[in-house]
Amino acid sequence: VLRLADIPVPPPKEGEILARMEASTATPPDCAYRTGKPYLIRLFAGFRRPKVPILGDITAGEVSGVGPGVTAFRTGDRVFGSPAPPTGAYAEYRCAPAAAMGLMPDG
């Protein structure tokens, strides 16, 4: 049920960073959203197809851009986090609230 597609790189909004994803996880909730099972998950994910086209939660990557008001990160910083809403980590680029991300320590 996965598919590869080209989509435009999203611009970061106020308080967000744009990160180029380097790693993500495949968690049980991701699998449930993808398969629609158990059926109760369809109340949140969508009855016929997923409401959110790009899944993925926990992520790590490199900052490619910062939105207005972001002072804690600069382009090139390595970051990790689990932003809300928990979607989009399977994409190559993802905008995420700066407050939900952290600087990755060296090593």
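Owing to the predicted nature of the structure, the values given are computational and were not obtained by experimental measurement.

Draft legend 1. Highlighting the overall build of the protein. Per the secondary structure count, the protein includes 2 helices and 5 strands. For 107 residues, the compact-globule estimate of 2.2 N^0.38 gives 13 Å, and the protein sits close to it at 15 Å. Taking the principal axes of the C-alpha coordinates as reference, the protein spans close to 40 × 30 × 25 Å. Taking all contacts inside the protein whose residues are at least 6 apart in sequence as the whole, residues at least 24 apart take part in 69%. Within the structure as shown, the protein displays about 7200 Å² of accessible surface, and the carbon and sulfur contribution to it stands at 60%. Put simply, the protein has 12 plus and 10 minus side-chain charges, and the middle of one group is 14 Å from the middle of the other.

Draft legend 2. Layout of the pairing of strand 1 (residues 16–24). In this sheet, strand 4 (residues 93–97) lies alongside strand 1 in antiparallel orientation, the contact comprising 5 bridges. Following the sheet pairing, Leu18 is matched in strand 4 by Cys95. As defined by bridge partners, strand 1 adjoins strand 2 (residues 59–66) across 7 bridges and the pair is classed as antiparallel. Its bridge partner being in strand 2, Leu18 is matched across the sheet by Gly65.

Draft legend 3. Highlighting the side chain of Asp77. Here Asp77 lies in the loop between strand 2 and strand 3 (78–81). For the buried Asp77, no salt bridge exists, and the shortest N-O distance to an oppositely charged side chain is 4.1 Å, to Arg74. A polar atom in the side chain of Asp77 sits 2.8 Å from the backbone nitrogen of Arg74. If we skip the residues at most four places from it in the chain, Asp77 touches Gly61, Glu62, Val63, Ala72 and Leu103.

Draft legend 4. Main features of the pattern of salt bridges. Tallying each qualifying case throughout the model produces 2 salt bridges. The salt bridge involving Glu92 is made with Arg20; its shortest N-O contact spans 3.9 Å. Placement of the pair is Glu92 in the loop between strand 3 and strand 4 and Arg20 in strand 1, with a sequence separation of 72 residues. Residue classification places Arg20 among the partly exposed residues on the basis of a relative accessible area of 36%. One salt bridge connects Glu22 with Arg78, and the closest N-O pair in it is separated by 3.3 Å. With Glu22 in strand 1 and Arg78 in strand 3, this pair connects stretches of sequence that are 56 residues apart.

Draft legend 5. Region of the structure containing the nonpolar core. Among the nonpolar cores identified, the biggest contains 10 residues, and these are Ile17, Ala19, Met21, Val63, Val70, Phe73, Val79, Ala96, Ala98 and Met101. If near-sequence neighbours (up to four positions away) are discounted, Val70 is found in contact with Gly15, Glu16, Ile17 and Ala98.

Cut-offs applied
- In this convention, every chain numbers its residues from 1, walking through the sequence in written order.
- Selection of residues for local features in this predicted model requires a pLDDT of at least 70, selection of side-chain atom pairs for listing and counting requires 80 or more, and totals for whole chains, interfaces and linings are taken over all residues.
- The side-chain numbers reported here are obtained from all heavy atoms of the structure, hydrogens and water having been left aside.
- Secondary structure elements are defined from DSSP: runs of H or I of at least 4 residues count as helices, runs of E of at least 2 residues count as strands, and each element is numbered from the N terminus.
- Based on C-alpha atoms, the radius of gyration is set beside the globule rule, defined as 2.2 Å times the residue count to the power 0.38.
- Residue contacts follow a heavy-atom distance rule, with two residues in contact if any of their heavy atoms lie within 4.5 Å.
- To be clear on the numbers: accessible area is Shrake-Rupley with a 1.4 Å probe, and residue cover counts the displayed protein chains and nothing else.
- Charge assignment: positive for Lys and Arg, negative for Asp and Glu; neither His nor the chain ends contribute.
- The location of each charge is read from NZ of Lys, CZ of Arg, CG of Asp or CD of Glu.
- When DSSP finds two or more bridges between two strands, those strands count as paired.
- Throughout, exposure labels follow a simple rule: accessible area from a 1.4 Å probe, protein chains only, divided by the maximum for the residue type, with under 20% read as buried, over 50% as exposed, and the rest as partly exposed.
- The rule for a salt bridge is simple: a side-chain nitrogen of Lys or Arg has to be within 4 Å of a carboxyl oxygen of Asp or Glu.
- Distance and chemistry together define a polar contact, namely a pair of N or O atoms within 3.5 Å, with one atom able to donate a hydrogen and the other to accept it when in protein, and with adjacent residues in sequence counting only for side-chain atoms on both sides.
- Buried Ala, Val, Leu, Ile, Met, Phe, Trp, Tyr and Cys residues form a nonpolar core when they are joined through side-chain atoms within 4.5 Å.

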